[in-house]
Amino acid sequence: MLYQPIISKYYTEKAIALYFILLALLSVLFIHKVLPLHWMFFGVIEIVSFFYFFEQLSRKWYNLSEKIFLKKIFVNALIIRWVYVVFSYFFYTWMTGQPFEFGAADSMFYHGSGEWIANVGLFNWYAINAESGLQISDMGHPVFIGLVYSVFGKFPIIVRLLGGVFSAWMCVLLYKLAKRNFGEVPAKNTAIIALLMPQFIYYCGLHLKETYMIFMAVLFLERADAVIRSEKIQIKNLIVPILIGALLFLYRTVLGASVWFAFLSALLFTKGKKSSLGRRIVLALWFILAALFVFSGKIERELDAMWKVKEQTQRTNMEWRSVRKDGNAFSKYGSAVLFAPAILIVPFPTMLNVHTQQNQMYQHGSYLIKNILSFFVLVALFVLLIKYKSYRHHVLLLLFLIAYLATLTMSSFALSERFHLPILPVLTILVGFGMTQVTNRLKDMYVPYLVFVALVVIAWNIFKLAGRGVI
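Computed from a prediction, not measured in an experiment: that's the story for all the values here.

**Q** Just to check I follow, could you spell out the packing of aromatic side chains for this structure?
**A** Ring pairs (aromatic) are described by centroid distance and by the angle formed between their planes. Summed over the entire model, instances satisfying the criterion amount to 44 aromatic pairs. Ring geometry for Phe-166 against Trp-169: centres 6.3 Å apart, planes inclined by 20°, an arrangement best described as stacked. Here Phe-166 pairs with Trp-169, and both are found in helix α7 (residues 156–182), just three residues apart, close to one helical turn. The exposure class of Trp-169 is partly exposed, given its relative accessible area of 38%. Each residue in the set Trp-39, Phe-41, Phe-42, Tyr-84, Phe-87, Phe-91, Tyr-92, Trp-94, Phe-102, Tyr-202, Tyr-203 and Tyr-362 is aromatic and connected to the rest through ring pairs, giving one cluster. Geometry around Phe-100 places Arg-160 over its ring, the cationic atom sitting 5.1 Å from the centre.

Take a look at the structure:
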């Protein structure tokens, strides 16, 4: 395969320029709804720092040995995340009166549940299961917070600092997973992108489960990929994937189902050097038995309910969003048919003042970064699926991508940034690989793609204002 070793300023400078053009154009067109200055400031920091430092670090760290490179990745990722955790703690306290984000709902729920679990006792499993009211798919994070509160005291910042450690570790795991799939250069691209990705950093400063959930998903994929690619598959190497795969059901049912589906399928379809058909069948049966155990009881009922009501839930939820207070009147027209074509690119940034969406305005720069980087995801998929047809070597990653996004498309959360986070690590790997595969012909598509993104972002912001009767 073709490998372009270092991303050029051609891409990063145009990405930065796109942000300023969009910001200026939308501010002029809708001067009465211009984005607040403090959110503009954060957007500028996100866009400029990400693309500038990615271009610089990919150049400076290109020839580093793996050991030194991974040390730099982990240390720098940890410093960035810890600095942001401390900053966001006081920033939210100043802006909202408490160390939680704007309109905090789930964060307060996890915090309160963690306090309750710490009070009743971490090993009082009967009370936690029967009296807490927690669903299986939401039990993992409160129990973890209860553990942290029991050990360190009820200080929210400790949970977030620990999240920074796991997020930094995730960057290292992504390097290993990407290298095993695509080689050293794409792996270094992947690790640097993960190091700088604003969304990974942002969620370290929240009390939500996403940081821990993403780490476990990446750990599962990395260990599962190692098992699949090993010359001799040993049962002891299956322990970590089985344990992590089970724990994921305690964080998000659909995520747990998606990683298991991808793993079982990869075991069947990946060609191992010493893996006969009989061995694959036995191995698949082993995981099916484990899956039946995991799917028992509450988990099975949640999966069954989710599957039966997915279409009704999407339709009902979209109609509710259109009539709720400060909702968008056009939301009722949302459906899987409209979401599917854009599922790899969404969400789009809110770059005008929608006063009920402070968190979305805060993150608008990170949303646009994902929109731009999706160009390289499309390049990677073109190369893997069409140009070289090498998808059989990457079945685990691709099936997880397809399974999770297909389920998300049919849900009422297809445009929700939080629900796209579990798949962001795989997209990051594809971006790192896609950057090395851009030929001159594909390079010519970059500017038209940015123009397309600009038009969609403008339309999206008009949609947000029009749906609220502002214009």
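**Q** Help me understand the packing of helix α8 (residues 184–196) against helix α20 (residues 424–434) in this model?
**A** Axes are the key here: two packed helices are described by the angle between their axes and the distance separating the axes. As a packed pair, α8 and α20 sit with axes 8 Å apart at the nearest point and diverge in direction by 130°. Between α8 and α20, the interaxial angle falls into the category oblique. With respect to the hand of their crossing, α8 and α20 are arranged in right-handed fashion. Contacts from Pro-186, Asn-189, Thr-190, Ile-193 and Ala-194 of α8 reach α20 at Thr-428, Ile-429, Val-431, Gly-432 and Phe-433.

**Q** Just checking my understanding: could you explain the pattern of salt bridges for this structure?
**A** Side chains carrying opposite charge are able to pair once their charged atoms draw close together. A full pass over the atoms with the stated rule returns ten salt bridges. Note that Lys-179 and Glu-66 form a salt bridge whose closest N and O atoms lie 2.5 Å from each other. Residue Lys-179 is located in helix α7, and its partner Glu-66 is located in helix α3 (residues 66–96); the two are separated by 113 residues in the primary sequence. Accessibility expressed as a relative area gives 34% for Lys-179, which makes it partly exposed. For Glu-66, a relative accessible area of 34% corresponds to the partly exposed category. The salt bridge partner of Asp-225 is Arg-180, with a shortest N-O separation of 3.1 Å. Of this pair, Asp-225 sits in helix α10 (residues 210–229) while Arg-180 sits in helix α7; the two residues are 45 residues apart in sequence, bridging distant segments of the chain. Among the residues examined, Asp-225 registers a relative accessible area of 3% and is labelled buried. A residue is classified by how much of its surface remains accessible, and Arg-180, at 27% relative accessible area, is partly exposed. A cluster of three or more residues bridged by salt bridges with shared partners is formed by Arg-180, Glu-222, Arg-223, Asp-225 and Arg-229.

**Q** Explain the environment of Met-213 here, please?
**A** Locating Met-213 in the fold gives a position in helix α10. Met-213 gets classed as buried once you look at its relative accessible area, which sits at 0%. Spatially, the C-alpha atoms of Met-213 and Leu-247 are 9.2 Å apart, while their sequence positions differ by 34 residues. Those residues in contact with Met-213, other than ones at most four positions away along the chain, are Leu-248, Tyr-251, Arg-252, Leu-255 and Pro-422.

**Q** For this particular structure, what's the right way to read the packing of helix α1 (residues 9–29) against helix α17 (residues 364–387)?
**A** Remark: α1 packs on α17, axes separated minimally by 11 Å, with the N-to-C direction vectors making an angle of 135°. What the angle tells us is that α1 and α17 run oblique. Classified by chirality, the crossing of α17 by α1 is right-handed. Counted together, Tyr-11, Ala-15, Leu-18, Tyr-19 and Leu-22 of α1 and His-364, Leu-368, Ile-372 and Phe-376 of α17 form the full contact between these two elements. Looking at side-chain class alone, the contact of α1 with α17 contains eight nonpolar, one polar and no charged residues.

**Q** Explain the confidence of the model for the protein to me, please; I cannot follow it from the model alone.
**A** Confidence in the prediction of the protein, expressed as mean pLDDT, is 84, and 80% of residues score 70 or more. Ignoring residues within four places in sequence, the model shows residues 309–325, a span with pLDDT below 50, making 25 contacts including any to other chains.

**Q** Can you help me understand unusual backbone geometry in this one?
**A** Backbone geometry follows two general trends: most residues other than glycine have a negative phi, and most peptide bonds adopt the trans configuration. Residue Pro-347 is bonded to the preceding Val-346 through a cis peptide linkage, with omega at 5°. Topologically, Pro-347 is positioned in the loop between α15 (336–339) and α16 (358–362). Residue Lys-389 is not a glycine yet carries a positive backbone phi of 50°. Its location among the elements puts Lys-389 in the loop between α17 and α18 (395–409).

**Q** Explain a nonpolar patch on the surface to me, please; I cannot follow it from the model alone.
**A** Among the surface-exposed residues, Phe-382, Leu-385, Ile-386 and Tyr-391 lie close enough to one another that they form a single nonpolar patch of about 360 Å² accessible area. Within the secondary structure, Leu-385 is located in helix α17.

**Q** I keep staring at the nonpolar core and nothing clicks. Help me out?
**A** Formed by 140 residues in total, the largest nonpolar core has its most connected members in Leu-373 and Phe-376. Top element by residues in this core is α10. It accounts for 13 residues. The contact partners of Leu-373, leaving out residues within four places of it in the chain, are Phe-50, Phe-51, Ile-193, Met-197, Val-431 and Met-435. Core analysis: the second largest hydrophobic core is formed by five residues, Ile-117, Leu-122, Leu-134 and Val-143 among them.

Criteria and thresholds
- Residues numbered from 1 in each chain as written.
- Predicted model: local features only at pLDDT ≥ 70, side-chain atom pairs only at ≥ 80, totals over all residues.
- Heavy atoms only, no water.
- Phe/Tyr/Trp six-rings, centres within 6.5 Å; stacked < 30°, edge-to-face > 60°.
- Helix = DSSP H or I, 4+ residues; strand = E, 2+ residues; numbered from the N terminus.
- Buried < 20%, exposed > 50% of the residue type's maximum accessible area, 1.4 Å probe, protein only.
- Lys NZ or Arg CZ within 6 Å of the ring centre and 35° of its normal.
- Axes fitted to C-alpha atoms, helices over the stretch in contact; angles between N-to-C directions.
- Parallel < 35°, antiparallel > 145°, perpendicular 65-115°, else oblique.
- Left-handed = near helix turned anticlockwise from the far one by under 90°.
- Contact = heavy atoms within 4.5 Å.
- Salt bridge = Lys/Arg side-chain N within 4 Å of Asp/Glu carboxyl O.
- Nonpolar A, V, L, I, M, F, W, Y, C, P; charged D, E, K, R; others polar.
- pLDDT = per-residue confidence, 0-100.
- Patch = residues over 30% accessible without salt bridge, like charges linked within 9 Å, V, L, I, M, F, W, Y side chains within 5 Å.
- Areas by Shrake-Rupley, 256 points an atom, 1.4 Å probe, with all protein chains shown as cover.
- Core = buried A, V, L, I, M, F, W, Y, C linked by side-chain atoms within 4.5 Å.

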